[in-house]
Amino acid sequence: MTETAAPALTLAGDYQIDPAHSRIGFTARHAMVTKVRGQFGEFRGSASIDDGDPTGSQAEIVIQAASFDSSQEQRDGHVRSEDFLNVEVYPEITFRSTRVEKAGDDVWRITGDLTIRDVTAPVTVDFEFSGLAKDPFGNIRAGFEGATTINRKDFGITFNAALETGGVLVSDKVGLEFDISAIKQA
């Protein structure tokens, strides 16, 4: 009996982010002594990947700003308020790619427009391709992990409070973390 090899999986194609198996997280310094971490619980996204010509690729993520969660209700309410995200007026945070390139064997460098509170600024994220697999339900999944740092003041988020000992309550720099599982579309 001759065994036939399973067909090779290819990365090229259109994908939808699987929010149940993905995470969009953040970190920011609080009182200059510790990092507060959390995530956004509601988001959607898509990508069109051309691994033969990465410049033909594109990606988009839309985050529901009110889904901000740092596991501390009082802080979360403050960050959702007009002092920070102002989710009543600006319900979505968006990222739309403007340039995609390969920056290494398994690294995709995606530059795009990040919009927070109707302020748009360019951001670049290096995503490491972590694999391609067929899940038990027949879906082809691609995994990517990436991170970048933004300055919240670039997006009009300027609230802060001075500390008695020097420094400020909240850092200007905010880390963004992406752990993405995307499902290839038929």
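These figures come from a predicted structure and were not determined experimentally.

Peer 1: Give a description of the overall build of the protein chain that names residues and reports values.
Peer 2: Along the backbone of the protein chain there are one helix and 11 strands. Sequence-ordered secondary structure for the protein chain, helices as α and strands as β, is β-β-β-β-β-β-α-β-β-β-β-β. Structurally, the protein chain occupies a C-alpha span of about 75 × 30 × 30 Å along its principal axes. Taking all 186 residues of the protein chain together, the buried fraction comes to 38%. Of the contacts made within the protein chain by residues no fewer than 6 positions apart, 56% connect residues no fewer than 24 positions apart. When the accessible surface of the protein chain is split by element, carbon and sulfur atoms take 49% of a total near 10700 Å². Charge-centre separation for the protein chain: the mean point of 18 positive side chains lies 4 Å from the mean point of 29 negative side chains.

Peer 1: A description of the environment of Ile110 should follow, citing residues and the corresponding values.
Peer 2: For Ile110, the location among the structural elements is in strand S8 (residues 107-116). Of the residues examined, Ile110 reaches a relative accessible area of 11% and is grouped as buried. Spatially, the C-alpha atoms of Ile110 and Gln58 are 8.4 Å apart, while their sequence positions differ by 52 residues. Those residues within four positions of Ile110 in sequence are excluded, and the remaining contacts are Phe95, Ser97, Arg99, Val100, Val123, Thr124, Val125 and Phe127.

Peer 1: Account for a negative patch on the surface, with residues named and values stated.
Peer 2: Together, Asp105, Asp106, Glu128, Glu145 and Asp179 give the surface a local cluster of negative charge. Position of Asp105 among the secondary structure elements: in the loop between strand S7 (92-104) and S8.

Peer 1: Could you give an account of the packing of aromatic side chains, with specific residues and numbers?
Peer 2: Evaluation of the coordinates by the stated rule reveals six aromatic pairs. With a centroid separation of 4.4 Å and an interplanar angle of 15 degrees, the aromatic rings of Phe26 and Phe68 are classed as stacked. Here the residue Phe26 occupies a position in strand S2 (residues 23-30), and Phe68 occupies one in strand S6 (residues 68-69), the gap between them amounting to 42 residues. Neither Phe26 nor Phe68 differs from the other in exposure class; each is buried. Aromatic pair Phe40 and Phe68: ring centres 5.8 Å apart, planes at 75 degrees, arrangement edge-to-face. Here Phe40, found in strand S3 (residues 34-40), pairs with Phe68, found in strand S6; they are 28 residues apart in sequence, far enough to count as distant. Accessibility classification places Phe40 together with Phe68 in one group, the buried group.

Peer 1: Give me the lowdown on the pairing of strand S11 (residues 170-184), citing residues and values where you can.
Peer 2: Among the 15 residues in S11, 11 count as buried, and that is most of the element. Bridge analysis of strand S1 (residues 13-17) against S11 gives three bridges, and the strand direction is antiparallel. In the strand pairing of S11, Ile17 is matched with Ala182. Two elements, S2 and S11, share seven bridges in a ladder whose sense is antiparallel. Its bridge partner being in S11, His30 is matched across the sheet by Val170. One ladder, built from 11 bridges, connects strand S10 (residues 140-151) with S11; its direction is antiparallel. Directly across from Glu145, in S11, lies its bridge partner Asp179.

How each quantity is defined
- Residues numbered from 1 in each chain as written.
- Predicted model: local features only at pLDDT ≥ 70, side-chain atom pairs only at ≥ 80, totals over all residues.
- Heavy atoms only, no water.
- Helix = DSSP H or I, 4+ residues; strand = E, 2+ residues; numbered from the N terminus.
- Buried < 20%, exposed > 50% of the residue type's maximum accessible area, 1.4 Å probe, protein only.
- Contact = heavy atoms within 4.5 Å.
- Areas by Shrake-Rupley, 256 points an atom, 1.4 Å probe, with all protein chains shown as cover.
- Lys, Arg positive; Asp, Glu negative; His and termini not counted.
- Charge placed at Lys NZ, Arg CZ, Asp CG, Glu CD.
- Patch = residues over 30% accessible without salt bridge, like charges linked within 9 Å, V, L, I, M, F, W, Y side chains within 5 Å.
- Salt bridge = Lys/Arg side-chain N within 4 Å of Asp/Glu carboxyl O.
- Phe/Tyr/Trp six-rings, centres within 6.5 Å; stacked < 30°, edge-to-face > 60°.
- Pairing = 2+ DSSP bridges.

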